[in-house]
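What follows is the residue order along each chain.
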Amino acid sequence: MSNISMQRGQQWLKTLLELTGIPSEIQGHLETAQSQDGDSPEPDNYWLTIDQTNLTTEQIQGLIGADGSVLDAIQYLANSVLNLSQPPEEQASYTIELNGYRVKREAEIRALAEAAADEVRFSGREVEIKSLSSAERRQIHTFLKEFGDLETFSRGKEPHRNLVVRPASLEGVGS
């Protein structure tokens, strides 16, 4: 199944780019991960990297968009369309990468999460992180889940939904 899901993703993205007038090759690789409980594997996560070799700076900037908004939209579409009508055991997660944007942003998100964790631990008060996409909020939730002394939740409604980091409540009463 892995190879088929990756090939479907690569072909879908290649076709989407051709339809937008930006033909490009797509490299794919599988990133495997274990679930937090260590028992069951997470769904397969395919990284689909757009080959930028023949793209202009303007095309790259256009595909990434302001704060990654276009790349996020393409990724959202990929995950929605490619998992449509797929049985749960065959669904996969797709990450769309271009020009190292996701790798750089992931490092920035991790640094944001670490800074928020440090501030919460120092002050004992909650910290609200603004201007994150839903995928970025999910990354921070996942990253900070490892720390038993902290808890995270989202507050507000899109497009003004923020991530909150606070000390874990002793009573077990969450958000």
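Residues numbered from 1 in each chain as written. Predicted model: local features only at pLDDT ≥ 70, side-chain atom pairs only at ≥ 80, totals over all residues. Heavy atoms only, no water.

Observations concerning the packing of aromatic side chains
Counted according to the given criterion, the structure contains 2 aromatic pairs. It is R121 that lies over the ring of F147; its NZ or CZ is 4.9 Å from the centre. (Phe/Tyr/Trp six-rings, centres within 6.5 Å; stacked < 30°, edge-to-face > 60°. Lys NZ or Arg CZ within 6 Å of the ring centre and 35° of its normal.)

Quick look at helix α2 (residues 57–64)
Those residues of α2 that sit buried are I60, L63 and I64. The arc that holds every buried residue of α2, seen down its axis, measures 100°, which confines them to one face. Every exposed residue of α2 that faces more than 90 degrees away from the buried side is listed here: E58 and Q61. Looking one or two residues beyond α2, the residue adopting positive phi is G65, at roughly 75°. (Buried < 20%, exposed > 50% of the residue type's maximum accessible area, 1.4 Å probe, protein only. Helix = DSSP H or I, 4+ residues; strand = E, 2+ residues; numbered from the N terminus. Arc of directions from axis to C-beta.)

A look at the sheet that holds strand β5 (residues 150–155)
Taken in spatial order, the 3 strands line up as β4-β6-β5 in an open sheet, and their pairing is antiparallel. Only two strands of the sheet have a single partner each, and these edge strands are β4 (127–129) and β5. Taken pair by pair, the neighbouring strands of this sheet meet at an average axis angle of 25°, ignoring direction. The sheet contacts of helix α4 (residues 101–123) involve β4, β5 and β6 (162–167), and relative to β4 the element is tilted by about 165°. The strands touched by helix α5 (residues 134–144) are β4, β5 and β6; relative to β5, the strand with the most contacts, the crossing angle is about 165°. (Pairing = 2+ DSSP bridges. Axes fitted to C-alpha atoms, helices over the stretch in contact; angles between N-to-C directions. Contact = heavy atoms within 4.5 Å.)

Looking at the sheet that holds strand β3 (residues 93–97)
Taken together, 3 strands build an open sheet; the order of strands is β1-β2-β3 and the sheet is mixed. Of all the strands in the sheet, the pair left with one neighbour each is β1 (26–31) and β3. The mean angle between the axes of side-by-side strands here comes to 25°, regardless of whether they run parallel or antiparallel. In this structure, β1 lies alongside strand β2 (residues 45–50), joined through 6 bridges in antiparallel fashion. Counterpart to I26 in the pairing with β2 is I50. Running at roughly 105° to β3, α4 makes contact with β2 and β3 of the sheet.

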